Amino acid sequence: MWEKHMDAERKKRKLENEEEKDKEAAEGEEADDENMEKFFALIRSAKELRDHLLTKEKEKETEKDKNKMDKEKVSMVWTPSFQPEDFMEDVKENPQAGPSKKEAEETKEERGDDLDLNLSL
């Protein structure tokens, strides 16, 4: 009888030990799961931060490009404006405007001013 009682005690202790090991293993797995969740949350937040910084950088670049293009458009539009002073140099060098006398004689000859083009019947 004493042996039966001892065997029952051993089995009981064995079961209790196994239950404690299972609890510890379950707690260990839960701790591992929590650590993994923390790890992946950290990775996710690092990725979000990287994406955020990249989009901010791209926005800055596009804004710079836009400003640069606007400045180029402004500098590309040029409307000439002339002042009388722009032409004063030419007048000072050659005070007579128009063709020279020699050129006028040549044009008369080319036009045929010497010929009488009236038809007589």
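Computed from a predicted model, the values in this text were never measured in an experiment. (Residues numbered from 1 in each chain as written. Predicted model: local features only at pLDDT ≥ 70, side-chain atom pairs only at ≥ 80, totals over all residues. Heavy atoms only, no water.)

## As for the overall build of the protein chain
This is how the line gets drawn: Runs of H or I in DSSP of at least four residues are treated as helices and runs of E of at least two as strands, each being numbered from the N terminus. Each residue's exposure class comes from its accessible area (1.4 Å probe, protein chains only) as a fraction of the maximum for that residue type: buried when under 20%, exposed when over 50%, partly exposed otherwise. Surface exposure here means Shrake-Rupley accessible area, sampled with a 1.4 Å probe, where a residue is shielded only by the protein chains that are shown.
Of regular secondary structure, the protein chain possesses three helices and zero strands. Listing the helices and strands of the protein chain from first to last along the sequence gives α-α-α. Looking at the protein chain as a whole, 1% of its 121 residues are labelled buried. For the protein chain, the accessible area works out to roughly 13000 Å², and carbon and sulfur atoms hold 54% of it.

## Quick word on a nonpolar patch on the surface
Spelled out, the test is: Residues form patches when they are more than 30% accessible in relative terms and have no salt bridge. Like charges link within 9 Å. Nonpolar side chains (Val, Leu, Ile, Met, Phe, Trp, Tyr) link within 5 Å. Every case where a carboxyl oxygen of Asp or Glu lies within 4 Å of a side-chain nitrogen of Lys or Arg is listed as a salt bridge.
Judged by side-chain polarity, Met-36, Phe-39, Phe-40 and Ile-43 come together as a nonpolar surface patch covering roughly 400 Å² of accessible area. Residue placement: Ile-43 occurs in helix α1 (residues 2-76). On the accessibility criterion, Ile-43 (40% relative accessible area) is partly exposed.

## Some remarks on the packing of aromatic side chains
To keep things clear, this is the line we draw: Pairing of aromatic rings covers Phe, Tyr and Trp, the last counted by its six-membered ring, and requires centre-to-centre distances within 6.5 Å; plane angles under 30 degrees mean stacked, over 60 mean edge-to-face, and any other angle means tilted.
The full count for this structure, using the stated rule, is one aromatic pair. Measuring from centroid to centroid gives 5.5 Å for Phe-39 and Phe-40, while their planes differ by 70°, and the two rings are edge-to-face. Owing to a relative accessible area of 45%, Phe-40 belongs among the partly exposed residues under this scheme.

## A closer look at the pattern of salt bridges
Across all of its chains, the model carries two salt bridges by this definition. The salt bridge partner of Asp-51 is Lys-47, with a shortest N-O separation of 4.0 Å. Here Asp-51 and its partner Lys-47 are both found in helix α1, four residues apart, which amounts to about one turn of the helix. Between Asp-51 and Arg-50 there is a salt bridge, with its nearest N and O atoms 3.1 Å apart. Among the residues examined, Asp-51 registers a relative accessible area of 31% and is labelled partly exposed. One connected set of salt bridges, linked through shared partners, spans Lys-47, Arg-50 and Asp-51.

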